[in-house]
Amino acid sequence: RDDAGTHCWDAEIARLRGELAGDTADPWYHTAIETARRQGARSLELRAAISYAKMLRSRGGGNQALPLLRAAVAQLAESGDTVELREGRALLNG
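Per chain, residue numbering runs from 1 following the sequence as it is written. Predicted model: local features are reported for residues with pLDDT of at least 70 only, side-chain atom pairs are reported and counted for 80 or more only, and whole-chain, interface and lining totals are derived from all residues. Side-chain measures here rest on the full set of heavy atoms in the structure, leaving out hydrogens and waters.

## Observations regarding the overall build of the chain
Next up, step 1: A count of helical and extended segments in the chain gives five helices and zero strands.
Next up, step 2: The helix and strand sequence of the chain, counted from the amino end, reads α-α-α-α-α.
Next up, step 3: Rg of the C-alpha trace for the chain: 13 Å, near the compact-globule value of 12 Å for 94 residues, within the 12% margin.
Next up, step 4: The dimensions of the chain, computed from C-alpha atoms along their principal axes, are 40 × 35 × 20 Å.
Next up, step 5: Burial analysis of the chain (94 residues in total) assigns 38% to the buried set. Helix and strand definitions follow DSSP, with helices as H or I runs of at least four residues and strands as E runs of at least two, each counted in order from the N terminus. Atoms counted for the radius of gyration: C-alpha only. Globule rule: 2.2 Å times residue count to the power 0.38. Each residue gets one of three labels from its accessible area relative to the maximum for its type: buried under 20%, exposed over 50%, partly exposed in between, using a 1.4 Å probe on protein chains only.

Shown next, in the form of structure tokens:
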């Protein structure tokens, strides 16, 4: 059992709120990423970074999320080839 207890999905919930928030999404994505980091939930951190990068790219400015995305991809780079890793790499490559 981790210290997060019933809060293990807080990062994913914040990410989903970001997806629904429109113009006020940025804080939700930052919360999702920070919560996932604090809980050691690397795959949820990657998922949040991907969503954040996609949202910024749709606004015309995806570069702001690239450092967050790069860090999340690097943490999981040796854990296999998942859908999220492929998507993260694709976003980083263009």
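## A short note on the nonpolar core
Next up, step 1: Here, the term nonpolar core denotes a set of buried Ala, Val, Leu, Ile, Met, Phe, Trp, Tyr and Cys residues that are joined through side-chain atoms within 4.5 Å. Core analysis: the biggest nonpolar cluster contains 22 residues, and I33, L46, Y52, M55 and L69 have the highest contact counts within it.
Next up, step 2: Going through the elements one at a time, α2 (26–39), α3 (42–59), α4 (66–76) and α5 (83–92) are the ones with two or more residues in this core.
Next up, step 3: Residue contributions to this core peak at eight residues, all from α3.
Next up, step 4: Here a residue-residue contact requires only that any non-hydrogen atoms of the pair lie within 4.5 Å. Residues contacting I33, with those up to four places away along its chain left out, are E45, A48, A49, Y52 and L68.

## A closer look at the confidence of the model for the chain
Next up, step 1: pLDDT expresses how confident the predictor is about each individual residue, on a scale running from 0 to 100. Of the residues in the chain, 93% have a pLDDT of 70 or more, and the chain-wide mean is 88.
Next up, step 2: Taken element by element, the chain is modelled with least confidence in α4, mean pLDDT 89, and with most confidence in helix α1 (residues 10–21), mean pLDDT 96.

## Considerations on the packing of α2 against α3
For any two helices packed against each other, the geometry is given by the interaxial angle and the distance between the axes.
Next up, step 1: What counts as an axis is a line fitted to C-alpha atoms, over the stretch in contact for a helix, and the angles between N-to-C directions run from 0 to 180 degrees. As a packed pair, α2 and α3 sit with axes 8 Å apart at the nearest point and diverge in direction by 160°. By the angle between their axes, α2 is roughly antiparallel relative to α3. Seen along the crossing, α2 lies across α3 with a hand that is left-handed. Residues D26, Y29, H30, A32, I33, A36 and R37 of α2 form the contact with α3, whose own contacting residues are L44, E45, A48, A49, S51, Y52, M55, L56 and R59. In these notes the angle categories are as follows: under 35 degrees is roughly parallel, over 145 is roughly antiparallel, 65 to 115 is roughly perpendicular, and the rest is oblique. Two helices crossing with the near one rotated counterclockwise from the far one by less than a right angle form a left-handed crossing, whereas a clockwise rotation gives a right-handed crossing.

## A short note on the pattern of salt bridges
Next up, step 1: Counted as salt bridges are all cases of a side-chain nitrogen of Lys or Arg within 4 Å of a carboxyl oxygen of Asp or Glu. For the coordinates displayed, the defined rule picks out ten salt bridges.
Next up, step 2: In this structure, the salt-bridge partner of K54 is E87, at a minimum N-O distance of 2.2 Å. Of the two residues, K54 is situated in helix α3 and E87 in helix α5; the sequence distance between them amounts to 33 residues.
Next up, step 3: Assessed through its relative accessible area of 26%, E87 is described here as partly exposed.
Next up, step 4: D81 serves as the salt-bridge partner of R89, at 3.5 Å between the closest nitrogen and oxygen.
Next up, step 5: A single salt-bridge network, built from bridges that share partners, covers E12, R15, E19, R47 and E84.

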